[in-house]
Each structure stands twice: as C-alpha cells, then as structure tokens.
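Structural description and commentary
This is what each chain is made of:
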Amino acid sequence: MADVPNIVVLTGAGISAESGLATFRGPDGLWEGHRVEEVATPEAFVRDSALVYAFYDARRARADEVEPNAAHNALARLDAEWPGGLLIVTQNVDNLHERAGTNRLLHMHGELNSGWCQACDERFGWHGPMGEESACPVCQVAGRVRPDIVWFGEMPYEMERIDEALMNADLFVSIGTSGAVYPAAGFVQTARYCGARTIEINLEPSQGSIFFDERRYGPAATLVPEWVEQLLQGVK
C-alpha cells in the first residue's frame with residue numbers, strides 16, 4: 001500500500017477498557033469514585049497529596065493485574081511489520097502497549113510506572129507504592145517525588161514530535177477515544193488539514209466523528225485486528 005507510507009495512531013481509554021481498566025470518566029462524571037479536581041490537577045496534589053498518591057497507587061496496582069488484549073497485540077504486530085513510518089500516540093498511562101511488544105510508541109499523558117522528581121527534574125521508572133516520604137533514586141531527596149502523569153492544566157509530552165508526525169501522516173487512525181480531551185481531540189483536524197485520510201475505530205461515535213473519512217464501530221479487540229490485517233495484506 002504505497003499510498004499510505006506514514007501512519008499515526010492515537011489510542012485512548014477505550015482500548016484498555018477491554019482489558020479491564022476503568023475509562024477516564026464514567027457517565028456520572030466520576031473517575032473511579034473521585035472528581036477529576038480531587039486527583040488529577042496540580043492543585044489537588046498540593047491540597048491532598050496523600051489522596052493523589054493513593055489514587056495512583058491503586059491504578060498502578062490494577063494495571064499490573066490485567067493483560068494486553070487483541071487490539072494491543074494487533075498494534076504491536078503493525079509496529080513490527082509495517083515498513084513505512086509509524087507513530088502510536090497513546091493517551092493511556094498504563095503499559096499495555098509495551099507489554100504487547102509495541103516500540104514506536106509515545107505516552108503523551110505520562111506513565112503510571114514512572115516518577116518525576118520536583119527537586120532535580122529527573123524522571124525514572126517506578127513500581128509499587130509512592131508517598132510523601134518517597135526518595136528520588138537520582139538525587140536521593142525525599143518528599144519531592146510525584147507521579148509522572150500529565151494532569152489537567154499541564155502540557156502533554158512531546159507535542160512538537162506529535163505535531164510533526166501528524167503533518168507528515170498519510171493516514172491517521174483514532175482508536176478508543178472520546179474526542180473530548182484536548183489537545184488529542186484536535187489531532188484528527190490537524191492530520192486531515194495536512195492531507196491525511198482519517199479513520200475512527202470506537203465503540204460509538206466520538207465527539208469529533210464528523211472529521212473522519214471512515215468510521216468503524218464496535219469492540220477494539222475485534223475491529224483493530226481486522227483493520228491491521230487488511231492494512232498489512234495491502235503491502236504483501
């Protein structure tokens with residue numbers, strides 16, 4: 001398929017939901033029983049760091065209990081076999097893409113298994129509980145480590161790299177996203193404006209569904225392997 005050499009894939013909470021992880025916000029507006037303002041803002045961390053630490057400790061532990069599903073595995077296959085450019089951008093903070101074997105991957109909202117030291121500004125792998133007495137493994141300062149998560153009001157990671165990939169993409173595919181959280185919700189418009197074909201794979205139409213040339217609705221674990229198979233058959 002020589003006319004689709006460069007692909008950008010965006011994945012959201014919907015792809016990990018099929019592995020058993022809670023999506024970002026439920027119909028009641030709560031995120032695992034908490035308002036976003038309580039656990040996912042810099043102000044929340046200043047106000048009640050113990051609650052924020054406990055919230056992410058629980059999410060980290062839960063993520064370790066689940067396994068990548070067929071959609072994660074299919075994207076790992078695409079990463080391994082696609083001969084052209086590929087960047088998989090995930091809004092998810094779990095490591096299910098990595099555990100499936102994906103390498104051409106970018107976590108725009110940070111990672112559960114990463115810590116960020118506010119004393120020395122280093123980021124590092126982190127497993128297990130994190131708390132107010134946790135020490136940075138780099139500078140050894142205690143009490144200045146926070147989850148390496150992009151909270152509301154903070155800038156997502158590597159936006160310049162993402163924008164460049166979107167502007168050079170021939171195909172943009174959005175999987176399991178609501179189309180409600182920016183800047184990721186605007187990626188389809190950037191890619192489309194720059195000439196890319198756009199595909200939405202989701203359980204239901206997202207808030208930005210009108211911007212997609214093609215829409216496929218149903219479980220990601222079913223639809224993503226089918227799409228990857230079709231795509232790879234075109235290059236054989």
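Note that the coordinates shown come from a computational prediction; the quantities given were computed from them, not determined experimentally. (Residues numbered from 1 in each chain as written. Predicted model: local features only at pLDDT ≥ 70, side-chain atom pairs only at ≥ 80, totals over all residues. Heavy atoms only, no water.)

Description of the sheet that holds strand E5 (residues 123-125)
Spatially, three strands are ordered E5-E4-E6 in an open sheet, and the strand pairing comes out antiparallel. For this open sheet the edge positions go to E5 and strand E6 (145-149), each flanked by a neighbour on one side alone. For this sheet the average axis-to-axis angle between neighbouring strands, irrespective of direction, equals 45°. As judged from the three bridges shared by strand E4 (residues 110-117) and E5, these two strands associate in the antiparallel manner. Residue pairing for E5: glycine 115 is matched across the bridge by phenylalanine 124. (Pairing = 2+ DSSP bridges. Helix = DSSP H or I, 4+ residues; strand = E, 2+ residues; numbered from the N terminus. Axes fitted to C-alpha atoms, helices over the stretch in contact; angles between N-to-C directions.)

Points about the side chain of asparagine 92
In this fold, asparagine 92 is placed in the loop between strand E2 (85-90) and helix H6 (96-100). In terms of polar contacts, asparagine 92 uses its side chain to reach the backbone amide nitrogen of alanine 13, at 3.1 Å. Setting aside anything within four residues of it in sequence, one finds asparagine 92 in contact with Thr11, Gly12, Ala13, Ile15, Ser16, His107 and Gly110. (Polar contact = N/O pair within 3.5 Å; in protein donor to acceptor, adjacent residues only side chain to side chain. Contact = heavy atoms within 4.5 Å.)

Describing helix H9 (residues 220-233)
Given a rise of 1.5 Å per residue, 14 residues ought to cover 20 Å, and the 19 Å separating the end C-alpha atoms of H9 matches this to within 8%. All of the buried residues along H9 are Ala220, Leu223, Val224, Trp227, Val228, Leu231 and Leu232. Buried residues of H9, viewed axially, fall in a sector of 155°; they line one side. Next to the buried residues of H9 lie strand E1 (6-11), helix H1 (13-17), helix H5 (70-81), strand E7 (171-175), strand E8 (197-202) and strand E9 (214-217). (Expected span 1.5 Å × (residues − 1). Buried < 20%, exposed > 50% of the residue type's maximum accessible area, 1.4 Å probe, protein only. Arc of directions from axis to C-beta.)

Notes on the pattern of salt bridges
Tallying each qualifying case throughout the model produces 12 salt bridges. As a salt-bridge pair, arginine 77 and glutamate 229 come within 2.6 Å of each other at their nearest N and O atoms. Linking arginine 77 in helix H5 with glutamate 229 in helix H9, this pair joins segments that are 152 residues apart in sequence. The exposure class assigned to arginine 77 is partly exposed, which follows from its relative accessible area of 26%. A relative accessible area of 30% means that glutamate 229 is categorised as partly exposed. Arginine 146 is the salt-bridge partner of glutamate 154, the closest N and O atoms lying 2.9 Å from each other. What you see here is one network of salt bridges that share partners, running through Arg77, Glu81 and Glu229. (Salt bridge = Lys/Arg side-chain N within 4 Å of Asp/Glu carboxyl O.)

Quick notes on the UniProt feature "binding site: Zn(2+)" (unreviewed entry) in the chain
UniProt tags Cys117, Cys120, Cys136 and Cys139 as "binding site: Zn(2+)" (unreviewed entry). Separation in sequence by 23 residues is not matched in space for these annotated residues, since their most distant C-alpha atoms are only 8.6 Å apart. Topologically, cysteine 120 is positioned in the loop between E4 and E5. According to the relative accessible area criterion, cysteine 120 is partly exposed, its value standing at 27%. In this view, cysteine 120 contacts Cys136, Val138 and Cys139; residues no more than four positions away in its chain are not counted. Its location among the elements puts cysteine 136 in the loop between E5 and E6. (UniProt positions renumbered as here; feature names shortened; annotations may be inferred.)

Focus on the packing of aromatic side chains
Under the counting rule described, the total for this entry stands at six aromatic pairs. Look at phenylalanine 45 and tryptophan 151: their rings are 5.4 Å apart centre to centre, the planes differ by 45°, and that puts the pair in the tilted class. Here the residue phenylalanine 45 occupies a position in helix H3 (residues 42-47), and tryptophan 151 occupies one in the loop between E6 and helix H7 (159-167), the gap between them amounting to 106 residues. For the residue pair phenylalanine 45 and tryptophan 151, the accessibility class agrees, reading buried in each case. Centre to centre, the rings of phenylalanine 124 and tryptophan 126 are 6.2 Å apart; their planes meet at 50°, and the pair counts as tilted. By relative accessible area, tryptophan 126 is classed as buried at 13%. Taken together through their ring pairs, the aromatic side chains of Phe45, Tyr53, Phe55, Tyr56 and Trp151 make up a single cluster. (Phe/Tyr/Trp six-rings, centres within 6.5 Å; stacked < 30°, edge-to-face > 60°.)

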